[in-house]
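Observations on chain architecture
These are the residues of each chain, in order.
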Amino acid sequence: WDIVVGTLPDGYTATATFTGAQVVPGSCENSMAITVWDAAGRAANNNFDISYIFGKLQVTKRPITVTSYGATKVYDGEPLRYESYTLDGELLSEHFLDVSFPEGITNVGSVTNNIVVRVQNLYGDGSIGGDATDFYEITVRVGTLKVTPRPIEVSATPCIKYFSGDEPPEGKYFLTKGSLVPGHELYAEVEAVINYENTVEYMLRNVGVYESWGKSADVTRAGAAGAVSVTSNYEITLVHGIDRDML
């Protein structure tokens, strides 16, 4: 503090008692009271017309940054959650961070790993008190949760049939690479198409060689109202079946 207008007589002094205080974020006047003392050490305020210009006390919110991590996995039918974060900045010793993770993802795709951040009071006996979030300027940064398609390979099997004028043989298929999530079922549409290469030779032997062409594949799981397609969660490679050495 300082005297900005006027002066004290020689031998006089002045002391100040400050009453303004700001603890939580916000501002207030830095109020004070002056006592003027004469040369004999007696209070002499009655001899002065004292006016005050108060400064301002301001407490700003404490800045912290909370960042959630991201994670990636191949589709397995289970929710992907990643409840991990970092804190940049410091909390007061009587505070602790309460972070919740409301987001998760099960099917193929991506979502932000959103977080809800609160600051709580922690008392010396370990009990939790009131909310202290408003004392902090909180910046939230989020990672990404991503589920990628599950790769599988479905192969059609080559087939042979004696010529009889009947329909082509039924196409077969089997899973050659990857695996299904437990409880899922694979269905594939396979068309058997005769291979006309060396057809005369084959006909002399009264047989026909067919190529099995995979047309489509679908993966389902059981649902309350019947089978539910989960094909979009798989990356399916179809392999055609032909074997010219099978005769």
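Above this text is the structure in question.
Heads up: these notes are all about the structure in this document. (Residues numbered from 1 in each chain as written. Predicted model: local features only at pLDDT ≥ 70, side-chain atom pairs only at ≥ 80, totals over all residues. Heavy atoms only, no water.)

Turning our attention to the environment of Ile3. Summarising the element assignment, Ile3 is placed in the segment before strand S1 (13-18). Among the residues examined, Ile3 registers a relative accessible area of 37% and is labelled partly exposed. (Helix = DSSP H or I, 4+ residues; strand = E, 2+ residues; numbered from the N terminus. Buried < 20%, exposed > 50% of the residue type's maximum accessible area, 1.4 Å probe, protein only.)

Let's shift gears to the pattern of salt bridges. One pass over the full model with this rule turns up five salt bridges. Note that Asp38 and Arg42 form a salt bridge whose closest N and O atoms lie 3.0 Å from each other. Its relative accessible area of 12% is what places Asp38 among the buried residues. Ionic pairing is found between Arg118 and Asp131, a salt bridge with its closest N-O pair at 2.7 Å. In this pair, Arg118 sits in strand S10 (residues 116-122) while Asp131 sits in strand S11 (residues 128-131), placing the two residues 13 residues apart along the sequence. (Salt bridge = Lys/Arg side-chain N within 4 Å of Asp/Glu carboxyl O.)

What follows covers the environment of Ala188. Tracing the sequence through the fold places Ala188 in strand S17 (residues 184-194). Exposure remark for Ala188: the relative accessible area of 22% places this residue in the partly exposed category. Residues Ala188 and Lys172 lie 16 residues apart in sequence; the distance between their C-alpha atoms is 8.7 Å. In contact with Ala188, not counting residues within four places along its chain, are Val154, Tyr173, Ser216 and Ala217. (Contact = heavy atoms within 4.5 Å.)

So, about the sheet that holds strand S20 (residues 234-239). If you trace the three strands from one edge of the open sheet to the other, you get S16-S14-S20, paired in mixed fashion. The sheet is open, and its two borders are formed by strand S16 (172-177) and S20, each paired with just one other strand. Taking each pair of neighbouring strands and ignoring which way they run, the sheet shows an average axis angle of 30 degrees. Where strand S14 (residues 150-157) and S16 come together, five bridges link them in antiparallel fashion. (Pairing = 2+ DSSP bridges. Axes fitted to C-alpha atoms, helices over the stretch in contact; angles between N-to-C directions.)

Turning our eyes to something else, we now look at the pairing of strand S13 (residues 144-148). Side-chain alternation along S13 places Leu145 and Val147 on a buried face and Thr144, Lys146 and Thr148 on a face that remains uncovered. Pairing geometry for strand S6 (residues 71-74) and S13, over four bridges, is parallel. Counterpart to Thr72 in the pairing with S13 is Lys146. Two strands pair when backbone bridges link them, and strand S9 (residues 109-112) and S13 are joined in this way by four bridges, in the antiparallel orientation. Along S13, the bridge assignment pairs Ser110 with Lys146.

The subject of this paragraph is the sheet that holds strand S12 (residues 136-141). With mixed pairing, the three strands of this open sheet are ordered in space as S7-S5-S12. Only two strands of the sheet have a single neighbouring strand rather than two, namely strand S7 (85-88) and S12. The mean angle between the axes of side-by-side strands here comes to 20 degrees, regardless of whether they run parallel or antiparallel. Pairing of strand S5 (residues 62-68) with S12 involves six bridges; the strand directions are parallel. Considered in S12, the bridge of Arg62 is made with Tyr136.

On the surface, a cluster of nonpolar side chains totalling about 320 Å² of accessible area is made up of Trp1, Ile3 and Phe18. As for its position among the elements, Phe18 is in strand S1. (Patch = residues over 30% accessible without salt bridge, like charges linked within 9 Å, V, L, I, M, F, W, Y side chains within 5 Å. Areas by Shrake-Rupley, 256 points an atom, 1.4 Å probe, with all protein chains shown as cover.)

For the structure shown, the criterion picks out four aromatic pairs. Centroid distance Tyr75 to Tyr234: 5.8 Å. Interplanar angle 70 degrees. Geometry classified as edge-to-face. On the criterion of sequence distance, the pair formed by Tyr75 in the loop between S6 and S7 and Tyr234 in strand S20 is long-range, its members being 159 residues apart. (Phe/Tyr/Trp six-rings, centres within 6.5 Å; stacked < 30°, edge-to-face > 60°.)

With that settled, consider the nonpolar core. Judged by nonpolar contacts, the single largest core of 14 residues is most densely connected at Tyr75, Leu80, Val219 and Tyr234. Listing elements by their share of this core, those giving two or more residues are S13, S14 and strand S18 (207-223). Non-local contacts of Leu80, meaning those with residues more than four positions away in its chain, are made with Ala71, Thr72, Lys73, Gly104, Ile105, Leu145, Lys146 and Val147. Counting 11 residues, the second largest nonpolar core, distinct from the first, contains Leu91, Val117, Val119 and Tyr136. (Core = buried A, V, L, I, M, F, W, Y, C linked by side-chain atoms within 4.5 Å.)

Scope: geometric values only; no functional claims are made or implied.
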